[in-house]
Amino acid sequence: MAQEDNSPWQYKSDSHSATGTADSTKRSGGAKSNARSTESVKWQASEYIEHPHGAGWYALLGLVTIALTVVVFFVTGHDYVATAIMAIVGVIVGVFAGHKPRQVEYEISDTGLSVGDKRYPYSDFKSFAVMHDEGLVSVNLFPLKRLMPPVSAYFAPTDEEKIVRVIGDYLPYEERKMDTIDRLSRRLRL
């Protein structure tokens, strides 16, 4: 898929090294072979999708924050702490929305997923899914721990087969769609 020059998301493929491959369960849910892949896939991409925000977006955020703060003030019986927390949350959303994503190096290998200097071993996850969103593709690893958020990595559509093959040797594929929070986040362009 051709990428537009003005797209905020950038993908830079590094070298792809393969020292061996093995048959694996990709999306079929069938049995895996006992052989494990020693293939490694490396690439660079933004850590998240950047959505540019104009002055109108920040003005709307300010108005919504003020309205919610007033509502909380009256609903809670003039509770200043809850009112202050609502105002602080609005400021935090504005600051977070203004941050630019950094380019991160990703690697998927036989030991797990590396995101920059952070390593995520496969033993921390129960399954994975490939998500397609606005022409971009990401792999999401779903943790065994309840409070740990899923780990996501964006990549070029041309690398999907290699990435699914390597991860599929270690984790089962799970068909998933974007959850409510993700859909809301996309609509608000957070």
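Brief notes about the packing of aromatic side chains
Tallying each qualifying case throughout the model produces 8 aromatic pairs. Summarising the aromatic geometry, the rings of W57 and Y58 are spaced 5.1 Å apart at their centres and angled 85° between planes, so their arrangement reads as edge-to-face. Of the residues examined, Y58 reaches a relative accessible area of 31% and is grouped as partly exposed. Feature note: the residues W43, Y106 and F155 constitute an aromatic cluster, connected by ring pairs.

Considerations on the nonpolar core
A general feature of soluble globular proteins is that nonpolar side chains tend to end up buried together. Grouped together as the largest cluster of nonpolar side chains are 26 residues, with contacts concentrated most on W43, I108, F128, V139, L141, I163 and I167. For this core, the elements supplying multiple residues, two or more each, are β2 (40-46), β3 (103-109), β4 (112-115), β6 (125-133), β7 (136-143), β8 (151-155) and α3 (160-168). Take this core: its biggest share by element is 4 residues, from α3. Ignoring any residue separated from it by four or fewer positions in sequence, one finds I163 in contact with V41, W43, I108, V139 and F155.

Some words on helix α1 (residues 55-75)
Under the 1.5 Å per step criterion, the end-to-end length of α1 is 30 Å for 21 residues, consistent within 8% with the ideal 30 Å. Where α1 terminates, the next one or two residues include G77, which has phi positive at roughly 75°.

Observations regarding the confidence of the model for the protein
When pLDDT is averaged along the protein, the result is 78; 73% of the residues meet or exceed 70. Low pLDDT, under 50, characterises residues 1-9; the stretch is placed with 12 contacts to residues that sit more than four places away or in other chains. Contacts of residues 15-34 to residues separated by more than four positions or lying in other chains number 42 contacts, the stretch itself having pLDDT below 50.

Cut-offs and rules
Residues numbered from 1 in each chain as written. Predicted model: local features only at pLDDT ≥ 70, side-chain atom pairs only at ≥ 80, totals over all residues. Heavy atoms only, no water. Phe/Tyr/Trp six-rings, centres within 6.5 Å; stacked < 30°, edge-to-face > 60°. Buried < 20%, exposed > 50% of the residue type's maximum accessible area, 1.4 Å probe, protein only. Core = buried A, V, L, I, M, F, W, Y, C linked by side-chain atoms within 4.5 Å. Helix = DSSP H or I, 4+ residues; strand = E, 2+ residues; numbered from the N terminus. Contact = heavy atoms within 4.5 Å. Expected span 1.5 Å × (residues − 1). pLDDT = per-residue confidence, 0-100.

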